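# Structure assessment
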Amino acid sequence: MARRPMMAANWKMNKLLGEARDYVEQLLPRIEGAEGVDVAIFATFTSLGELVRLTQGTPVVAGAQNFYYEDSGAFTGEVSAPMLEDVGAGAVIVGHSERREIFGETDETVGRKAARAVSAGILPVVCVGETKEERDAGSMWEKVSGQVRAVFEHLDAGEIGGEAIVFAYEPVWAIGTGETATPEDAQDAIGRLRGLLGEFGGEDFAGEVRILYGGSIKPGNVNDIMAQRDVDGGLVGGASLEAESFAELVNGASNAKED
Ligand code: PGA
């Protein structure tokens, strides 16, 4: 079964309500012809409800950038899976490197969040990736495989289908830097990640899970990245902030995997 490509916009801490509205208005007509690709936008909590409303009845899934794995209680400042369901979010980013590095998220919390999102029926996009120092030291795979293993300490791959979870390989040194992994490096890491998924859920599971690349994707490099066998799409920060360039990426992903 062919995996359906996915192009995801990570707005990070950007966009006021009016800007979110303008963006969706500009995006939708530009991606009308994009067939066979899933499109997601990950917005801030303040614009998430509005994004859900604006994208209702369109192919765009509205998602959150984070949540907490407990359902309710004394967790000031946090938002739970039932709250995401309540507002109508269909997906959530889990363990983005900025959450891990700036806000101290650990492999343990990332694993718990991934498992809770799956049980709530909200698609988690679980981010993994190494720093520059780790890559230079030859420990890319040690880092990435450790992050992936931590997820399956909390999630039983045998109990879920491969369409219930998405991974994003995002080398930290390529995020927001303009420096992209070569398509070969992206394929190498993502191909190994897919192999590792087989250890947890078997070959069918590994063949179904979508794995995105993230890190300075832009219209000029999306085709080469999408052409890689195991790369199923992209998680895009900077180039997703303008509707026009994100639409180019969506259309690029749709064309790249058409055959
Ligand atoms: P970037 O961000 O496209 O700006 O490098 C990607 C991400 O952080 O998900």
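As a reminder, the structure under discussion sits directly above these lines.
Residues numbered from 1 in each chain as written. Predicted model: local features only at pLDDT ≥ 70, side-chain atom pairs only at ≥ 80, totals over all residues. Heavy atoms only, no water.

## Concerning the environment of Glu242
Residue placement: Glu242 occurs in the loop between strand S8 (233-236) and helix H10 (243-256). In this structure, the C-alpha to C-alpha distance between Glu242 and Leu51, residues 191 residues apart in sequence, is 15 Å. (Helix = DSSP H or I, 4+ residues; strand = E, 2+ residues; numbered from the N terminus.)

## So, the packing of helix H1 (residues 17-30) against H10
Closest axis-to-axis distance for the H1/H10 pair is 9 Å, and the angle between their directions is 30°. One way to sum up the angle between H1 and H10 is to call them roughly parallel. For the pair H1 and H10, the sense of crossing is right-handed. Contacts from Tyr23, Gln26, Leu27 and Arg30 in H1 reach Ala243, Glu244, Phe246, Ala247 and Asn251 in H10. The class makeup of the residues in the contact of H1 with H10 is five nonpolar, two polar and two charged. (Axes fitted to C-alpha atoms, helices over the stretch in contact; angles between N-to-C directions. Parallel < 35°, antiparallel > 145°, perpendicular 65-115°, else oblique. Left-handed = near helix turned anticlockwise from the far one by under 90°. Contact = heavy atoms within 4.5 Å. Nonpolar A, V, L, I, M, F, W, Y, C, P; charged D, E, K, R; others polar.)

## Side note on helix H2 (residues 45-55)
Restricting attention to buried positions, one finds in H2 the residues Ser47, Leu48, Glu50, Leu51, Val52 and Thr55. Tucked inside the fold, the buried residues of H2 contact H1, strand S2 (38-43), strand S3 (60-64) and helix H3 (81-87). Just downstream of H2 lies Gly57, where phi reads positive at about 75°. (Buried < 20%, exposed > 50% of the residue type's maximum accessible area, 1.4 Å probe, protein only.)

## Digging into helix H5 (residues 107-120)
Residues separated by three or four positions in an α-helix point in the same direction, a consequence of the helix having 3.6 residues per turn. Over its 14 residues, H5 runs 20 Å from end to end, which matches the ideal 20 Å to within 8%, given 1.5 Å per residue. Here H5 lies mainly inside the structure; 10 of its 14 residues are buried. The complete set of buried residues in H5 reads Thr109, Val110, Gly111, Lys113, Ala114, Ala115, Arg116, Ala117, Val118 and Ala120. Of the surrounding elements, those touching the buried residues of H5 are H3, strand S4 (91-94), helix H4 (97-103), strand S5 (123-128) and helix H7 (140-151). Positioned one or two residues after H5, Gly121 has a phi angle of 75°, which is positive. (Expected span 1.5 Å × (residues − 1).)

## What to know about the sheet that holds strand S1 (residues 6-10)
Around the barrel, which closes on itself, the eight strands sit in the order S1-S2-S3-S4-S5-S6-S7-S8 with parallel pairing between neighbours. Direction aside, neighbouring strands of the sheet carry axes that sit 25° apart on average. Relative to strand S6 (residues 166-169), S5 runs parallel, the two being bridged by four bridges. By the bridge assignment, Val125 is partnered in S6 with Val166. Each of S1, S2 and S8 is contacted by H10, which is oriented at about 160° to S1, the strand it contacts most. (Pairing = 2+ DSSP bridges.)

## Quick look at the site of the ligand
In the vicinity of the ligand there are 13 residues, among which Lys12, His96, Glu170, Gly176 and Ser216 approach most closely. Residue Glu170 places a side-chain N or O atom 2.7 Å away from an oxygen atom belonging to the ligand. Here Ser216 contributes a backbone N or O atom positioned 2.7 Å from an oxygen atom of the ligand. For the ligand, whose free accessible area comes to 280 Å², the fraction covered by protein is 96%. (Near = heavy atom within 4 Å. Polar contact = N/O pair within 3.5 Å; in protein donor to acceptor, adjacent residues only side chain to side chain. Areas by Shrake-Rupley, 256 points an atom, 1.4 Å probe, with all protein chains shown as cover.)

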